[in-house]
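Take a look at the letters that make up each chain.
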Amino acid sequence: MPLRPVRCHWAVKGMAGRSRHNAATTSAGCRVHFRTIAMENALATEIANAAARLVVEEGLEWGPAKRRAVKQLGLPARTALPDNDLVEDAVREYIGLFCADTQPAELRALRQLALVWMERMAAFRPYLAGAVWHGTATRLSDIYLQLFCDDPKSAEIALIDHRVDYEPRTVTGFRGEPVEALSLSSRSPELAEMIGVHLMIYDLDDLRGALRPDARGRVPRGDAGAVRQLLQSQNENDFPASP
């Protein structure tokens, strides 16, 4: 008399049970994973919003602003920091909410002062970068000009020849490398106060890489002609023009 395949029935039943268990475990794991991502995104947004306030109200650079925001929020020092794009979005939103009446005029004044120094340093191929270029600057922001020189000492010699007081320092370049900078203060007639101007010294060969679009497809810096176009566009539209 042939045996009935009972064991096979149990095996199939057991396999189906394990399959349902595995599917439930996977589903639960996915839910935990997505909740974790959502919490991390919410935390990054909170840090970015806190950093934006420090950038606009205190004139902090983005890196120090993010680190101070983490401290102010009582978060661990090793908390992951939001990327610069998220901070930039938060800065624009903050300006739109709290500084819409004053920021356009302040930005225009900073771009005008930047253009003055670009014309003075025209021999060294100056490009405007940073918040003044992108349109998120306020009166507390510094001006960052990137000079692309045949001789790295030529710009410093020009400042000495014109008896300009400056302070040499080392800053982080656009590729994350240390770069020599010549920092000085210059008066803005429109703002009636002194503004920090930083001349960052690059080799001429760095210019080609400097003109590649950023992660958002934007031109990351502009020459004197581009700055004049921004000023003209801003004057015509009476709001901060972005490149």
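Structure: see above.
Keep in mind it's a predicted model, so treat the numbers as computed, not measured. Sequence order as written defines residue numbering, which begins from 1 separately in each chain. The predicted origin of the model limits local features to residues at a pLDDT of at least 70 and limits the giving and counting of side-chain atom pairs to 80 or more, whereas totals for whole chains, interfaces and linings rest on all residues. Note that the side-chain values use all heavy atoms of the structure and ignore hydrogens as well as water.

**Digging into the layout of surface pockets**
Taken as a whole, the largest pocket holds about 1,200 Å³ of empty space. What lines the largest pocket is a set of 39 residues, and nearest its centre among them are Glu 61, Trp 62, Asn 84, Gly 130 and Phe 174. Amino acids outside the nonpolar list (Ala, Val, Leu, Ile, Met, Phe, Trp, Tyr, Cys, Pro) and the charged list (Asp, Glu, Lys, Arg) are all regarded as polar, and Gly is one of them. Looking at the lining of the largest pocket residue by residue, the class counts come to 17 nonpolar, 12 polar and 10 charged. A 1.4 Å probe that fits but cannot get out identifies a cavity on a 1 Å grid over protein atoms alone, an open set with protein on both sides within 12 Å along at least five of seven lines counts as a pocket, and a residue lines either if it has an atom within 4 Å of a point. Grid points are joined across faces, edges and corners, and a volume is the space filled by probe spheres set on the points.

**Observations regarding the packing of aromatic side chains**
Pairing of aromatic side chains requires ring centres within 6.5 Å, counting the rings of Phe and Tyr and the six-membered ring of Trp. Pairs whose planes differ by under 30 degrees are stacked, by over 60 edge-to-face, and all others tilted. What the rule picks out here adds up to 4 aromatic pairs. For the ring pair Phe 148 and Tyr 202, a centre distance of 5.3 Å and an interplane angle of 20° mean the geometry is stacked. Residue Phe 148 is found in strand S2 (residues 143-149), and its partner Tyr 202 is found in strand S5 (residues 193-203); the two are separated by 54 residues along the sequence. Within the aromatic cluster, the residues linked to one another by ring pairs are Tyr 127, Phe 148, Phe 174 and Tyr 202. For a Lys NZ or an Arg CZ to count as sitting over a ring, it must be within 6 Å of the ring centre and within 35 degrees of the ring normal. Across from the ring centre of Trp 117, 4.5 Å away, lies the NZ or CZ of Arg 120, which sits over that ring. Starting at the N terminus, helices and strands are each numbered in turn, a helix being any DSSP run of H or I of at least four residues and a strand any DSSP run of E of at least two.

**Observations concerning the sheet that holds S2**
Two strands pair if DSSP finds at least two bridges between them. Read from one edge to the other, the open sheet built from 5 strands follows the order S1-S2-S5-S4-S3, with strand pairing classed as mixed. Single-partner strands in this sheet number two, and they are strand S1 (126-129) and strand S3 (167-172). The sheet shows a mean angle of 35° between the axes of neighbouring strands, direction not considered. By the bridge criterion, 6 bridges tie S3 to strand S4 (residues 178-188) in an arrangement that is antiparallel. Along S4, the bridge assignment pairs Thr 172 with Pro 178. The contact rule is simple, with two residues in contact once any of their heavy atoms fall within 4.5 Å. Convention adopted: a line fitted to C-alpha atoms gives each axis, helices being fitted over their contacting stretch, and angles between N-to-C directions are expressed from 0 to 180 degrees. Against the sheet, helix H6 (residues 154-161) touches S2, S4 and S5, its axis set at about 30° to S4.

**Quick word on the environment of Arg 216**
Summarising the element assignment, Arg 216 is placed in the loop between helix H7 (207-210) and helix H8 (224-237). A relative accessible area of 36% means that Arg 216 is categorised as partly exposed. The buried label applies to any residue whose accessible area, calculated with a 1.4 Å probe on protein chains only, is under 20% of its type's maximum; exposed applies above 50%, and partly exposed to all values in between.

**Thoughts on the side chain of Gln 234**
Of note, Gln 234 is situated in helix H8. Classification of Gln 234 as buried rests on a relative accessible area of 0%.

**Considering the nonpolar core**
As used in this record, nonpolar core signifies buried Ala, Val, Leu, Ile, Met, Phe, Trp, Tyr and Cys residues forming a set joined through side-chain atoms within 4.5 Å. Formed by 32 residues in total, the largest nonpolar core has its most connected members in Leu 128, Ile 143, Leu 145 and Leu 199. Contributing elements (two or more residues each) for this core: helix H4 (103-120), helix H5 (130-134), S2, H6, S4, S5 and H8. Not counting the four nearest positions on each side in its chain, Leu 128 is found in contact with Ala 114, Met 118, Trp 133, Ile 143, Tyr 144, Leu 145, Pro 220, Arg 221, Gly 222 and Val 227.

**Side note on the environment of Leu 211**
By the element assignment, Leu 211 lies in the loop between H7 and H8. For the pair Leu 211 and Gly 222, spaced 11 residues apart in the sequence, the C-alpha separation amounts to 8.5 Å.

**Some thoughts on the pattern of salt bridges**
Salt bridges are defined by distance alone: a side-chain nitrogen of Lys or Arg within 4 Å of a carboxyl oxygen of Asp or Glu. Considering all chains together, one arrives at 14 salt bridges under this definition. When the shortest N-O distance is used, the salt bridge between Glu 88 and Arg 218 registers 2.6 Å. Separated by 130 residues along the polypeptide, Glu 88 in helix H3 (residues 84-98) and Arg 218 in the loop between H7 and H8 bring together distant segments of the chain. The salt bridge involving Asp 150 is made with Arg 125; its shortest N-O contact spans 3.5 Å. Here the residue Asp 150 occupies a position in the loop between S2 and H6, and Arg 125 occupies one in the loop between H4 and S1, the gap between them amounting to 25 residues. For Arg 125, a relative accessible area of 30% translates into the label partly exposed.

**Thoughts on H8**
When the terminal C-alpha atoms of H8 are compared, their 20 Å separation across 14 residues agrees well with the 20 Å that a helix rising 1.5 Å per residue should span. Buried residues of H8: Ala 224, Val 227, Leu 230, Leu 231 and Gln 234, and no others. One face of H8 carries all of its buried residues, which in axial projection span an arc of 115°. Away from its buried face, by an angle of more than 90 degrees, H8 presents the exposed residues Gln 229 and Glu 236. Here the buried face of H8 lies against H4, S1 and H5. Each helix should span, by expectation, one fewer than its residue count multiplied by 1.5 Å. By definition, the arc is the one covered by directions from the helix axis to the C-beta atoms.

**With respect to the pairing of S1**
Residues Pro 126 and Leu 128 of S1 are buried on one face, and the alternating residues Tyr 127 and Ala 129, pointing to the opposite face, are buried as well. In this structure, S1 lies alongside S2, joined through 4 bridges in antiparallel fashion. Residue pairing across strands places Pro 126 opposite Leu 147, the latter belonging to S2.

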